[in-house]
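Residue strings, one per chain:
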Amino acid sequence: MKIKFIDGRISGVDWGHIDRTAHFYRKFGFDVELKEGSRKILWLNEALGASRQEFELLLKTDPFEINT
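Structure report, in brief. (Residues numbered from 1 in each chain as written. Predicted model: local features only at pLDDT ≥ 70, side-chain atom pairs only at ≥ 80, totals over all residues. Heavy atoms only, no water.)

Summing up its helical and strand segments, the protein chain has 2 helices and 3 strands in all. Dimensions along the principal axes, computed over C-alpha positions, put the protein chain at roughly 40 × 25 × 20 Å. Out of the 68 residues belonging to the protein chain, those deemed buried represent 22%. By sequence separation, contacts in the protein chain at least 24 residues apart represent 49% of the contacts at least 6 residues apart. For the protein chain, the exposed area adds up to about 5400 Å²; of that, 53% sits on carbon and sulfur atoms. (Helix = DSSP H or I, 4+ residues; strand = E, 2+ residues; numbered from the N terminus. Buried < 20%, exposed > 50% of the residue type's maximum accessible area, 1.4 Å probe, protein only. Contact = heavy atoms within 4.5 Å. Areas by Shrake-Rupley, 256 points an atom, 1.4 Å probe, with all protein chains shown as cover.)

Enumeration over the complete set of coordinates arrives at 1 aromatic pair. Judged by centre distance (5.3 Å) and plane angle (45 degrees), the ring pair of Phe5 and Phe55 falls under tilted. Of this pair, Phe5 sits in strand 1 (residues 5-9) while Phe55 sits in helix 2 (residues 52-60), and the two are 50 residues apart along the sequence. Here Phe5 matches Phe55 in class, with each residue buried. (Phe/Tyr/Trp six-rings, centres within 6.5 Å; stacked < 30°, edge-to-face > 60°.)

Tallied over the entire structure, the rule returns 2 salt bridges. Glu54 serves as the salt-bridge partner of Lys4, at 3.0 Å between the closest nitrogen and oxygen. Of the two residues, Lys4 is situated in the segment before strand 1 and Glu54 in helix 2; the sequence distance between them amounts to 50 residues. Relative accessible area serves as the criterion here: at 30%, Glu54 is assigned to the partly exposed category. (Salt bridge = Lys/Arg side-chain N within 4 Å of Asp/Glu carboxyl O.)

The biggest cluster of nonpolar side chains holds 8 residues, and these are Ile10, Trp15, Ile18, Ala22, Phe30, Val32, Ile41 and Trp43. Trp43 has contacts with Lys4, Phe5, Ile6, Ile10, Thr21, Tyr25, Phe30, Asp31 and Val32, leaving out every residue within four places of it along the chain. (Core = buried A, V, L, I, M, F, W, Y, C linked by side-chain atoms within 4.5 Å.)

Below, the discussion takes up the side chain of Asn45. Inspection of the secondary structure assignment puts Asn45 in strand 3 (residues 40-45). On the basis of relative accessible area, Asn45 is assigned to the buried category, the value being 7%. In contact with Asn45, other than residues within four places in its own chain, are Ile3, Lys4, Phe28, Gly29, Phe30 and Ala50.

A separate point is the environment of Glu46. Looking at where Glu46 falls in the secondary structure, it is placed in the loop between strand 3 and helix 2. In sequence terms Glu46 and Arg9 are 37 residues apart; their C-alpha atoms lie 20 Å from each other. Non-local contacts of Glu46, meaning those with residues more than four positions away in its chain, are made with Gly29 and Asp31.

Next comes the structure, spelled out in structure tokens:
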């Protein structure tokens, strides 16, 4: 499966081993961005050409106008 982005929140109990989680995703080509205060996490798969700019554009796009 070719996944470029994963966006979500980490549960409070997972912050105790967040380094292991980040290492796991980096091992598979994802750049991991953590925002500790909000517990948000964004994984960008740079191996598939994902960029922060592309992710920001995707957030602004109407999901019904995306062509596959």
